[in-house]
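Examining the three-dimensional arrangement
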Amino acid sequence: MRKTLLTFLLLVAVLCYADGRKEIILNDGWQFSRDSVNWTPVSVPHDWAIDGPFDKKWDLQYVAIEQNGEKEKTEKSGRSGALPWIGRGYYCTTVSLDEQPASALLVFDGAMSEPQVRINGQYAGGWAYGYNAFRIDAARFLNKGDNIIEVSLNNMEESSRWYPGGGIYRPVTLILGESLMLDDWATYFHTLSIDDNSALVEVACGVRGDMADDLVAVEVVLCNDKGRQVAAYHSTVDEEGKCKSQMTIHAPQLWSPESPYLYTMETRLYRNYDLVDTKTIRVGIRTIEVSAEHGFQLNGQTRKIKGVCLHHDLGPLGSAVNKSALIRQIRMMKEMGCDAIRTAHNMPSSMQMEVCDSLGMMVMAESFDMWIYPKCKNGYARFFKDWADRDIENLVLNHRNHPSIVMWSIGNEIPEQWSEEGRDISRHLQDICHQLDPSRPVTQGMDRAEAALKSGFAQVMDVPGFNYRVHKYENNIKQLPQGFLLGSETASTVSSRGVYKFPVEISDHAVYPDGQCSSYDTEYCSWSNLPDDDWRMQDDYDWVIGEFVWTGYDYLGEPTPYDEYWPSRSSYFGICDLAGLPKDRYWLYRSRWNTTEHTIHLLPHWTWPGREGMVTPVYCYTDYPSAELFVNGVSQGRISKNKEGRLDRYRLRWNDVKYQPGTLRVVVYDENGKAAGEQVVRTAGKAHALQMKPETQDAKVGDLLYIQVSIVDENGTLISDADDQLTFEVEGAGQFRAVCNGDATSLESFTQPQMRLFHGQLVLVVQATSQGNISLKTYSKQRNMTTVLNIEVKG
């Protein structure tokens, strides 16, 4: 490989500490190849498959999906995203060092998949699981001058039930230092107790390297967000290279989703009184408890978890992790009222956990989708017996200092849940979590309640999590000594943004010729349910401690209920679509979860040429108890939520409205019968303009900018059936990055500057590359429309 590779000096971000520690982020300067012959320059994180093209031949599977209750094998063309992630990939970069390092760690936050690493031609290390972080002791392989780092990856067919991506899709960091260094994964900060006036925390530290007979000591300083010291301790290191101590913080600021306060903890390592290493991290003070008496408690306060499951892909960006994209995801969920995410079904990225820490989002950090019994032919079951303990160890050690993480998950819908072997594995993996982190409970998602309860699989868990089948909750709780349960995966309601099917029916098997699902939010799967069913259990029973909805966003792969329909290649489960645009269901969850702002949302849109005089039901998603609907000023009735109705306890529905062009208007009333607000939806006129609307106003160098593009009439009403082919031009201080319209059946490339609107909308993603002005131009040839947007980028 090296004979055919041009050597590039690495462009890196270097974090230098006063004592000589250097953390070199290896992002630019990489070369990538699929055949180890033809090379292309890339930046890391990188997903080699997201450019496409979409094609049913990629990972075409002929299987029966047991989790969906299937008995017979059929062709599944879009199960893992229909993108070219299968096969081998190769990366190479050159790092230039001024001197041979005394110590060096090469840290991969994740590489898909089965990464094997060579440094200067020598095998240095590797890992089996593409979702996990791992570290390589690299000092003995590195030299003064240029050093070549090579990474080979291998993605086997039928190794995933969804789109995993391909490549070095998370950051890589080279940490250089003295011969004795702090072991970052041995640092462990956790809260022991809190009261009205103080918090007691414990901090453990460890070192790497030979201490000889030297005096080795550690100093830990905790500072508030103003930089003021609030606590400190100094301790010598024992013969095993470890130390531990407790600190009291007076008048502590506690971390929570509502107030995600973070302290800065600096750890300093001294050798014979000389400072040799320093490491700074951000930590939070908070406690977690789960009990039959009080349910789930954060900082001593009982709360029901309002969570969503998130796959690791970022829509049109693929699996390549990106901070701007993660911030967008978490902010949108928080604005909906969501307070927790489940990293389904794999280890999260460090970047995602840092975003959750700073924005205030609780996390269930998951690990595996399978153990010994394979769900897909070449999945993680190949590695479980040899690697599972190490994978759990890396998960916990890498992430246990994140205050956002409130529980670990050791598995999802594990086939072994019926057996004593499965029970014993559960206990074993849970014990590893407890040994490394006694501060958090452990859970997993079970989908075979009777089997898991009969074997004792459910009873051994700190938090018994059940996926779907809420009608079994009452029987489950009778057999659980814990006295509570968690909806670890709920709903799996399906919908397509902007699509409405008539007549409106509640169905667990609806499919249509266009490969779409109805946004009336009445369709789900044979094994799942509607949001209303979960909420009824949570409201009526204290022992249901919350839920994680499947899913917050659509994701690539698993196109249920269209697993056998081509060209369907992404999911329909999301509360938001693949572009990140909210579906109607977003407002349904917001009406229940957001307790600080009111919600009033009418559906469907009111532009239905050809449906004049036909029944077109109207729904209102609101936190108010009652409302009156008007069509062109004529009342359709004032109705109230009905606790006894499956859909009417949390929704307001006018099922007999007949469509007439004009205006829909709803007036909502509070508990005292007083008018409290209204919303108006109008029939769209002729298309008047292309509209570009940036989601954020502040743009800084390096940020991703998300711009919503739509076609509207002269009053700004969306042309809901517009499917124009748009083209995009980006000039100035930015570059085109991606585009997505949220259509699960579209085969258009995300990384080419053109795409059709889907029901009048799409999202354009632009990278800010330098200070200055970005000029964005969007053009519709069909309507001969052009619009230009200018965005200022600051440093």
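Residues numbered from 1 in each chain as written. Predicted model: local features only at pLDDT ≥ 70, side-chain atom pairs only at ≥ 80, totals over all residues. Heavy atoms only, no water.

1. Concerning helix α3 (residues 384–399)
In a regular helix each residue adds 1.5 Å, so 16 residues correspond to 22 Å; α3 covers 21 Å between its end C-alpha atoms and thus fits that length. Looking at α3, one finds that the buried residues are Phe384, Trp387, Ala388, Asp391, Ile392, Asn394, Leu395, Val396, Asn398 and His399. Buried residues along α3 sit against β10 (122–126), β11 (134–137), α2 (350–359), β27 (362–365), β28 (405–412) and α4 (420–436). (Helix = DSSP H or I, 4+ residues; strand = E, 2+ residues; numbered from the N terminus. Expected span 1.5 Å × (residues − 1). Buried < 20%, exposed > 50% of the residue type's maximum accessible area, 1.4 Å probe, protein only. Contact = heavy atoms within 4.5 Å.)

2. Here we look at the packing of helix α7 (residues 531–540) against helix α8 (residues 584–593)
When two helices pack together, their arrangement is given by the angle between the helix axes and by the axis-to-axis distance. Put simply, α7 and α8 touch, their axes get as near as 12 Å, and they point 10° apart. By the angle between their directions, the pair α7 and α8 is classed as roughly parallel. Every residue of α8 that contacts α7 at Pro531, Trp535, Gln538 and Asp539 is listed here: Arg585, Leu588, Tyr589, Arg592 and Trp593. For the contact of α7 with α8, the per-class residue count stands at 5 nonpolar, 1 polar and 3 charged. (Axes fitted to C-alpha atoms, helices over the stretch in contact; angles between N-to-C directions. Parallel < 35°, antiparallel > 145°, perpendicular 65-115°, else oblique. Nonpolar A, V, L, I, M, F, W, Y, C, P; charged D, E, K, R; others polar.)

3. Points about α4
If you check α4, its first and last C-alpha atoms are 25 Å apart, about what 17 residues at 1.5 Å a residue would give, namely 24 Å. Within α4, the full set of buried residues consists of Gly422, Ile425, Ser426, Leu429, Gln430, Ile432 and Cys433. Projection of α4 onto a plane perpendicular to its axis shows the buried side chains occupying an angular sector of 150°, all on one side. Counted as exposed and oriented over 90 degrees from the buried face of α4: Glu420 and Gln435. Those residues of α4 hidden inside the fold are in contact with α3, β28 and β29 (442–446). (Arc of directions from axis to C-beta.)

4. Overview of the environment of Gly125
Assignment of secondary structure puts Gly125 in strand β10. Using a relative accessible area of 10% as the deciding quantity, one classes Gly125 as buried. Residue contacts for Gly125: discarding those within four places in its chain leaves Pro115, Gln116, Val117 and Ile136.

5. Here we look at unusual backbone geometry
In the segment running from Gly52 into Pro53, the intervening peptide bond is cis, with an omega of 5°. In this structure, Pro53 sits in the loop between β4 (40–42) and β5 (61–63). For Glu413, which is not a glycine, the phi torsion comes out positive at approximately 45°. Within the secondary structure, Glu413 is located in the loop between β28 and α4. Look at Glu413 and you get buried, because its relative accessible area is 8%. Positive phi is not limited to glycine here, since Arg469 has a value of about 55°. Looking at where Arg469 falls in the secondary structure, it is placed in the loop between β30 (463–467) and α6 (473–478). With a relative accessible area of 17%, Arg469 lands in the buried category.

6. Overview of the packing of aromatic side chains
According to the stated counting rule, one finds 33 aromatic pairs in the structure shown. Ring centres 4.9 Å apart and planes at 5° place the aromatic pair Phe108 and Phe134 in the stacked group. Here Phe108 is found in strand β8 (residues 103–108), whereas its partner Phe134 is found in strand β11, with 26 residues between them in sequence. Classification of Phe134 as buried rests on a relative accessible area of 1%. Centroid distance Tyr586 to Trp587: 5.1 Å. Interplanar angle 75°. Geometry classified as edge-to-face. What makes Trp587 partly exposed here is its relative accessible area of 27%. Grouping aromatic residues by their ring pairs yields a cluster made of Tyr129, Tyr131, Phe368, Trp371, Tyr380, Phe383, Phe384 and Phe457. (Phe/Tyr/Trp six-rings, centres within 6.5 Å; stacked < 30°, edge-to-face > 60°.)

7. Things to note about the sheet that holds strand β24 (residues 301–302)
The 3 strands lie next to each other as β22-β23-β24, forming an open sheet whose pairing is antiparallel. Strand pairing shows two members of the sheet lacking a second neighbour, β22 (288–291) and β24, which therefore form its edges. Pairing between β22 and strand β23 (residues 295–298): 4 bridges, direction antiparallel. Residue pairing in the sheet places Ser291 in a bridge with Gly295 of β23. (Pairing = 2+ DSSP bridges.)

8. Let's talk about the side chain of Glu748
If you trace the backbone, Glu748 turns up in the loop between β43 (734–740) and β44 (754–756). Of the side chains bearing the opposite charge, Arg756 lies closest to the buried Glu748, which forms no salt bridge; the N-O distance is 5.4 Å. There is a polar contact of 3.2 Å between the side chain of Glu748 and the side chain of Gln725. Excluding residues that lie within four positions of it along the chain, Glu748 makes contacts with Phe54, Gln725, Asn741, Gln754, Met755 and Arg756. (Lys, Arg positive; Asp, Glu negative; His and termini not counted. Salt bridge = Lys/Arg side-chain N within 4 Å of Asp/Glu carboxyl O. Polar contact = N/O pair within 3.5 Å; in protein donor to acceptor, adjacent residues only side chain to side chain.)

9. Some points on the packing of helix α1 (residues 323–336) against α2
Interhelical geometry of α1 versus α2 gives an angle of 40° and a closest axis separation of 10 Å. Looking at the two axes, α1 sits oblique to α2. Helix-helix and strand crossings are classified by hand; for α1 and α2 the assignment is right-handed. Facing α1, whose interface residues are Lys323, Leu326, Ile327, Ile330, Arg331 and Lys334, α2 presents Met351, Gln352, Val355, Cys356 and Leu359. In terms of residue class, the contact of α1 with α2 is built from 7 nonpolar, 1 polar and 3 charged. (Left-handed = near helix turned anticlockwise from the far one by under 90°.)

10. A look at the sheet that holds β43
The sheet built from 4 strands is open, its strands ordered β40-β41-β45-β43 with antiparallel pairing. Since the sheet does not close on itself, it has two edges, and those belong to β40 (689–694) and β43, each with one partner. Pairs of neighbouring strands in the sheet enclose a mean axial angle of 30°, with direction left out of account. As judged from the 6 bridges shared by β40 and strand β41 (residues 704–712), these two strands associate in the antiparallel manner. Counterpart to Gln691 in the pairing with β41 is Ser710.

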